[in-house]
Amino acid sequence: QVQLVESGGGWVQPGGSLRLSCAASGSVHSIPSMAWYREAPGKQRELVAVITTDGNLMYGDSVVGRFVISRENANNTIYLDMTTLTPEDTAVYFCNGGAPANWWSPGDYWGQGTRVTVSS
């Protein structure tokens with residue numbers, strides 16, 4: 001089993017920045033792929049960014065150039081550095097991990113989510 005715990009959400013003004021963290025524990029060897037997803041009110045959950053232990057990266061179209069995902073394998077932690085935030089980035093952000101057949105697909109494990117609100 002794997003436990004994923006997110007932190008770092010909160011309120012930020014448009015144009016601001018925020019950093020999310022996700023710490024993994026348990027059978028971390030089983031989660032070569034880790035990702036951030038988000039779910040905005042009334043919308044489907046969508047991929048924000050994914051990263052693997054060997055460095056594969058992918059970003060959702062709406063965050064390219066503004067968000068950066070990184071990973072500290074030694075600490076089993078991933079980060080999401082978000083800049084130039086807009087109200088459209090308001091959502092609950094979920095950490096995801098696993099070993100999917102395609103590395104860019106969702107894994108089996110989910111965190112509880114952390115809320116990000118962008119408003120003036």
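Residue positions within a chain follow its written sequence, with the count starting from 1. Totals for whole chains, interfaces and linings use every residue, but because this is a predicted model, local features are given only for residues with pLDDT of at least 70 and side-chain atom pairs only at 80 or more, for both listing and counting. As a rule here, side-chain values come from all non-hydrogen atoms in the structure, and water together with hydrogens is ignored.

Can you break down the nonpolar core residue by residue, with the values?
Residues Trp-36, Leu-80, Met-82 and Tyr-93 are the most contacted members of the largest nonpolar core, which totals 26 residues. Those elements giving two or more residues to this core turn out to be β1 (2–7), β3 (18–26), β4 (33–39), β5 (46–52), β7 (67–72), β8 (77–82), β9 (91–98) and β11 (114–118). A helix here means a DSSP run of H or I that spans at least four residues, while a strand means a run of E at least two residues long, and both kinds are numbered starting from the N terminus. The biggest single contributor to this core is β3, with 4 residues. Residue contacts are counted whenever heavy atoms from the two residues lie within 4.5 Å of one another. Those residues within four positions of Tyr-93 in sequence are excluded, and the remaining contacts are Glu-6, Leu-20, Trp-36, Tyr-37, Arg-38, Val-48, Phe-67, Leu-80, Met-82, Gly-113, Thr-114 and Val-116. For our purposes a nonpolar core is just a set of buried Ala, Val, Leu, Ile, Met, Phe, Trp, Tyr and Cys residues, chained together by side-chain atoms within 4.5 Å. Think of it in three bands: residues with accessible area under 20% of the maximum for their type are buried, residues over 50% are exposed, and the middle band is partly exposed, with areas taken using a 1.4 Å probe on protein chains only.

Talk me through the packing of aromatic side chains; I want residue IDs and the actual numbers.
Here a Phe, Tyr or Trp ring, Trp counted by its six-membered ring, pairs with any other such ring whose centre lies within 6.5 Å, and the pair is stacked when the planes are under 30 degrees apart, edge-to-face when over 60, and tilted otherwise. Under the criterion given, the structure shown has 3 aromatic pairs. When the centroid spacing of 5.1 Å and the interplanar angle of 65° are considered together, the rings of Tyr-37 and Trp-110 count as edge-to-face. Here Tyr-37 is found in strand β4, whereas its partner Trp-110 is found in strand β10 (residues 109–110), with 73 residues between them in sequence. Residue Trp-110 is classed as partly exposed on the basis of its relative accessible area, which comes to 33%. An aromatic cluster is built from Tyr-37, Phe-94 and Trp-110, whose rings are joined through pairwise contacts. Charges are assigned to positions over rings by a cutoff of 6 Å between ring centre and Lys NZ or Arg CZ, combined with an angular limit of 35 degrees from the ring normal. The positively charged end of Arg-19 is found above the aromatic ring belonging to Tyr-79, 4.2 Å away from the centroid. Above the ring of Trp-110, the side-chain terminus of Arg-45 is found at 4.6 Å from the ring centroid.

Could you give me a rundown of the environment of Gly-10, with the residues and numbers involved?
Mapping Gly-10 onto the fold places it in strand β2 (residues 10–12). Here the alpha-carbon distance between Gly-10 and Thr-52, two residues 42 residues apart in the chain, equals 26 Å. In this structure Gly-10 touches Leu-18, Arg-115, Val-116 and Thr-117, once residues within four positions along its chain are discounted.

Give a description of the pairing of β3 that names residues and reports values.
Within a regular strand, the side chains alternate between the two sheet faces. Pairing of β1 with β3, which is carried by 6 bridges, proceeds in the antiparallel orientation. Bridge pairing links Glu-6 to Cys-22 in β3. Paired strands, as defined in this entry, are two strands with at least two bridges between them according to DSSP.

Explain the state of the cysteines residue by residue, including any values.
Here, a disulfide means two cysteine sulfur atoms that sit within 2.5 Å of each other. In the structure shown here, the tally under the stated rule is 1 disulfide. Across the disulfide from Cys-22 sits Cys-95; the S-S distance is 2.0 Å. Between Cys-22 and Cys-95, the S-S torsion sits near -80°, and that sign places the bridge as left-handed. Here the residue Cys-22 occupies a position in strand β3, and Cys-95 occupies one in strand β9, the gap between them amounting to 73 residues.

Which residues make up unusual backbone geometry, and what values go with them?
Here the phi dihedral of Asn-76 falls at roughly 50°; this positive angle occurs in a residue that is not glycine. Its identity as a non-glycine residue notwithstanding, Thr-84 has a phi of 45°, on the positive side. Classification of Thr-84 by relative accessible area gives partly exposed; the value is 46%.

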